[in-house]
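Fold and geometry: a report
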Amino acid sequence: MDQRQRAARLLERIEAELNCLGLWQTHYPSSQALASTEPFAMDTLDFHQWLQFIMLPRMWSMLDGEHPLPQNIAVSPMATHVYREEMEHHEGLIASLREFDILLSGADPLADDV
């Protein structure tokens, strides 16, 4: 399985994890919230909203359009930080994000934290 196929499977797993956690939303945030220029849109969105409404659509667009995928990504450290009080509850989501980081970057962004 090539990198693009593995990326698609991981994106599907991330979506499924968000849904299982009850974090998947049916209502879109405002266009102003989505236009944030802050990392992870942390000034306007919750982390799970950023995943659902910004990261996932951008990654799917890259895959669907056969555009190059990012080669330096580190989303799992932010997930670990955001969910630090509920790690065991969010471990599936964090693990999927970590696998995605490793797939695209070739390195484990959480290795320094272990």
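Scope of this entry: the structure provided in the associated data block. From a predicted model like this one, the values you see are computed outputs, not experimental measurements.

**Some remarks on the side chain of Ser 36**
Within the secondary structure layout, Ser 36 lies in the loop between helix H2 (31-34) and helix H3 (47-64). Sequence-distant contacts of Ser 36, that is, excluding residues within four places in its chain, are made with Ala 41, Asp 43 and Thr 44.

**Things to note about the pattern of salt bridges**
Inspection of every chain in the model, using the stated rule, returns 1 salt bridge. With a shortest N-O distance of 2.7 Å, Arg 13 and Glu 99 are connected by a salt bridge. Taken as a pair, Arg 13 in helix H1 (residues 3-20) and Glu 99 in helix H5 (residues 87-105) lie far apart in primary sequence, 86 residues in all. Given a relative accessible area of 37%, Glu 99 falls into the partly exposed group.

**Description of the packing of H1 against H5**
Two quantities define a packed helix pair, namely the angle between the axes and the distance from one axis to the other. Two elements in contact, H1 and H5, have axes whose closest approach is 9 Å; the angle formed by their N-to-C orientations is 160°. With respect to each other, H1 and H5 are oriented roughly antiparallel. The element H1 and its partner H5 pack so that their crossing is left-handed. From H1, Gln 3, Arg 6, Ala 7, Leu 10, Leu 11, Arg 13, Ile 14, Glu 17 and Leu 18 reach across to H5, where they touch Gly 92, Leu 93, Ser 96, Leu 97, Glu 99, Phe 100, Leu 103 and Leu 104. Its residues placed into classes, the contact of H1 with H5 shows 10 nonpolar, 3 polar and 4 charged.

Basis of the calculations
- Residues numbered from 1 in each chain as written.
- Predicted model: local features only at pLDDT ≥ 70, side-chain atom pairs only at ≥ 80, totals over all residues.
- Heavy atoms only, no water.
- Helix = DSSP H or I, 4+ residues; strand = E, 2+ residues; numbered from the N terminus.
- Contact = heavy atoms within 4.5 Å.
- Salt bridge = Lys/Arg side-chain N within 4 Å of Asp/Glu carboxyl O.
- Buried < 20%, exposed > 50% of the residue type's maximum accessible area, 1.4 Å probe, protein only.
- Axes fitted to C-alpha atoms, helices over the stretch in contact; angles between N-to-C directions.
- Parallel < 35°, antiparallel > 145°, perpendicular 65-115°, else oblique.
- Left-handed = near helix turned anticlockwise from the far one by under 90°.
- Nonpolar A, V, L, I, M, F, W, Y, C, P; charged D, E, K, R; others polar.

Structural measurements only, silent on function.
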